[in-house]
Amino acid sequence: RYKKTPTVKIYPVTLTNLIGVYGNFERDSNGDGVADGIVVHSGTGSLIASGVIGTYAQKVTGDGTKSYFGVRYNYIFVKEGWRYFAKAYSKLSTTTNATGHGFYYASAGGGITWIARNNTQITTSWGMKYALFEGTTEGNISLEVNGMFEDATSTTDVDIYVDGYCVYNLTNMGVLPLPLQELYEVETWADLDADTLAQLLPYCDGVCSIGFAWESDV
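Residues numbered from 1 in each chain as written. Predicted model: local features only at pLDDT ≥ 70, side-chain atom pairs only at ≥ 80, totals over all residues. Heavy atoms only, no water.

Enquirer: Please explain empty space enclosed by the protein as it appears in this structure.
Expert: Rolling a probe over the atoms, with the probe sized like a water molecule, indicates the empty space that remains. Tallied over the full model, the rule gives one cavity of 30 Å³ or more. There is about 40 Å³ of room inside the largest cavity. If you trace the largest cavity, you find it lined by Val21, Tyr22, Asn24, Phe25, Glu26, Arg27, Ala35 and Asp36. Its residues assigned to classes, the lining of the largest cavity shows four nonpolar, one polar and three charged. (1 Å grid on protein atoms, 1.4 Å probe; cavity = no way out; pocket = protein on both sides within 12 Å on 5 of 7 lines; lining within 4 Å. Points joined across faces, edges and corners; volume = space filled by probe spheres on them. Nonpolar A, V, L, I, M, F, W, Y, C, P; charged D, E, K, R; others polar.)

Enquirer: Help me understand the pattern of salt bridges in this model?
Expert: Throughout the structure, instances matching the rule amount to three salt bridges. Taking the shortest distance from any N to any O, the salt bridge between aspartate 159 and lysine 59 comes out at 3.9 Å. One end of the pair, aspartate 159, is in strand 11 (residues 159–169); the other, lysine 59, is in strand 4 (residues 57–61), and 100 residues separate them in sequence. Here glutamate 144 and arginine 72 are joined by a salt bridge, their closest N and O atoms 3.7 Å apart. Taken together, the residues span a long stretch of sequence, with glutamate 144 in strand 10 (residues 139–149) and arginine 72 in strand 5 (residues 67–78) at a distance of 72 residues. (Salt bridge = Lys/Arg side-chain N within 4 Å of Asp/Glu carboxyl O. Helix = DSSP H or I, 4+ residues; strand = E, 2+ residues; numbered from the N terminus.)

Enquirer: For this particular structure, what's the right way to read the packing of aromatic side chains?
Expert: Within a pair of aromatic rings, the relevant descriptors are the distance that separates the centres and the angle that separates the planes. One pass over the structure, following the stated rule, counts five aromatic pairs. Each ring, one from tyrosine 22 and one from tyrosine 73, has its centre 6.3 Å from the other, and the planes form 35°; the classification is tilted. Of this pair, tyrosine 22 sits in the loop between strand 1 (7–16) and strand 2 (39–42) while tyrosine 73 sits in strand 5, and the two are 51 residues apart along the sequence. Between tyrosine 84 and phenylalanine 133, the aromatic rings sit 5.5 Å apart at their centres with planes inclined by 20°, giving stacked as the arrangement. Taken together, the residues span a long stretch of sequence, with tyrosine 84 in strand 6 (residues 83–92) and phenylalanine 133 in strand 9 (residues 127–134) at a distance of 49 residues. Relative accessible area serves as the criterion here: at 5%, phenylalanine 133 is assigned to the buried category. (Phe/Tyr/Trp six-rings, centres within 6.5 Å; stacked < 30°, edge-to-face > 60°. Buried < 20%, exposed > 50% of the residue type's maximum accessible area, 1.4 Å probe, protein only.)

Enquirer: What's the story with the side chain of serine 90 in this structure? I'm lost.
Expert: Here serine 90 shows up in strand 6. By relative accessible area, which is 1% here, serine 90 ends up buried. Those residues in contact with serine 90 that lie beyond four places of it in its chain are His101, Ser125, Trp126, Gly127, Lys129, Val145, Tyr161 and Val162. (Contact = heavy atoms within 4.5 Å.)

Enquirer: I keep staring at the side chain of serine 142 and nothing clicks. Help me out?
Expert: Assignment of secondary structure puts serine 142 in strand 10. A relative accessible area of 4% means that serine 142 is categorised as buried. The contacts of serine 142, once residues within four sequence positions are left out, are Arg72, Tyr73, Asn74, Tyr75, Tyr104, Tyr105 and Ala106.

Enquirer: When you look at the nonpolar core in this model, what are you seeing that I'm missing?
Expert: If you look at soluble globular proteins, the nonpolar side chains tend to sit buried side by side. Among the nonpolar cores identified, the biggest contains 32 residues, and Val71, Ile76, Phe103, Phe133, Leu143, Val145 and Tyr165 are the most heavily contacted of them. Elements with a contribution of two residues or more to this core: strand 5, strand 6, strand 7 (98–107), strand 9, strand 10 and strand 11. Residue contributions to this core peak at five residues, all from strand 5. Residues contacting phenylalanine 133, with those up to four places away along its chain left out, are Trp82, Arg83, Tyr84, Ala86, Tyr105, Ile115, Ile141 and Leu143. Residues Val13, Leu180, Ala190 and Ala198 belong to the second largest nonpolar core, which totals 21 residues. (Core = buried A, V, L, I, M, F, W, Y, C linked by side-chain atoms within 4.5 Å.)

Enquirer: I keep staring at the sheet that holds strand 3 (residues 44–48) and nothing clicks. Help me out?
Expert: For sheets, the rule is that strands pair by backbone hydrogen bonds, running either parallel or antiparallel. With respect to topology, five strands assemble into an open sheet ordered 3-4-11-6-9, the strand pairing being antiparallel. Where the open sheet ends on each side, the last strands, each with one partner, are strand 3 and strand 9. The sheet shows a mean angle of 30° between the axes of neighbouring strands, taken without regard to direction. Relative to strand 11, strand 4 is paired through four bridges, and the arrangement is antiparallel. The residue bridging lysine 59 from the neighbouring strand is tyrosine 161, located in strand 11. (Pairing = 2+ DSSP bridges. Axes fitted to C-alpha atoms, helices over the stretch in contact; angles between N-to-C directions.)

Enquirer: Sorry, what's going on with the state of the cysteines here?
Expert: By definition, a disulfide links two cysteine residues through a covalent bond between their sulfur atoms. One pass over the structure, following the stated rule, counts one disulfide. Disulfide pairing places cysteine 204 opposite cysteine 208 at an S-S distance of 2.2 Å. Residue cysteine 204 is classed as buried on the basis of its relative accessible area, which comes to 1%. For cysteine 208, a relative accessible area of 23% puts it in the partly exposed group. Among the cysteines around cysteine 166, which has no disulfide bond, cysteine 204 carries the closest sulfur, lying 8.2 Å off. The class of cysteine 166 is buried, set by a relative accessible area of 0%. (Disulfide = S-S within 2.5 Å.)

Any functional reading would require information that these geometric values do not contain.
Right, dumping it as structure tokens:
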């Protein structure tokens, strides 16, 4: 009698980070304190050598007024009805008077849609923020990671730190590997919820391949 030895099959998946390598915040070619490819839309930028991905992370210091501040990537082309997933690591320097931090995206016309504003998980430790969103109109958008500080009478500066910033086009990724279809009982990447996507999709510099290992006794 022979013992049946399970075999392991690898199901490869190609990831394309729409932000490319800019999401690692490793390069500041002109020395202005803002990583290449990224815009600091409010506040003062600087790179710090204590990142989650690679060596550096982006730091943005607010001006101590009631404002939103953070980093922005311009632009990502979004199609109406297509689904996207965004993820980044972030933290705030203080929880005093801070009202939250997360993602929003702004259309070319300036309209803002919050997709992951979280006021209940404000933290001074690195945490993963993520969001699942669907394009409402076709066109270029900017997608932002923000800190919020709401105390118009205070002069305290608040810092937001961001690293490992990625955006994936779930519609383009298409059909899930068969074992994941069976596990989650859905057919495509666009059918998965945000919590599941956060577990399955790591940060990727540009284009990379990941593999899902699955044991089979066949």
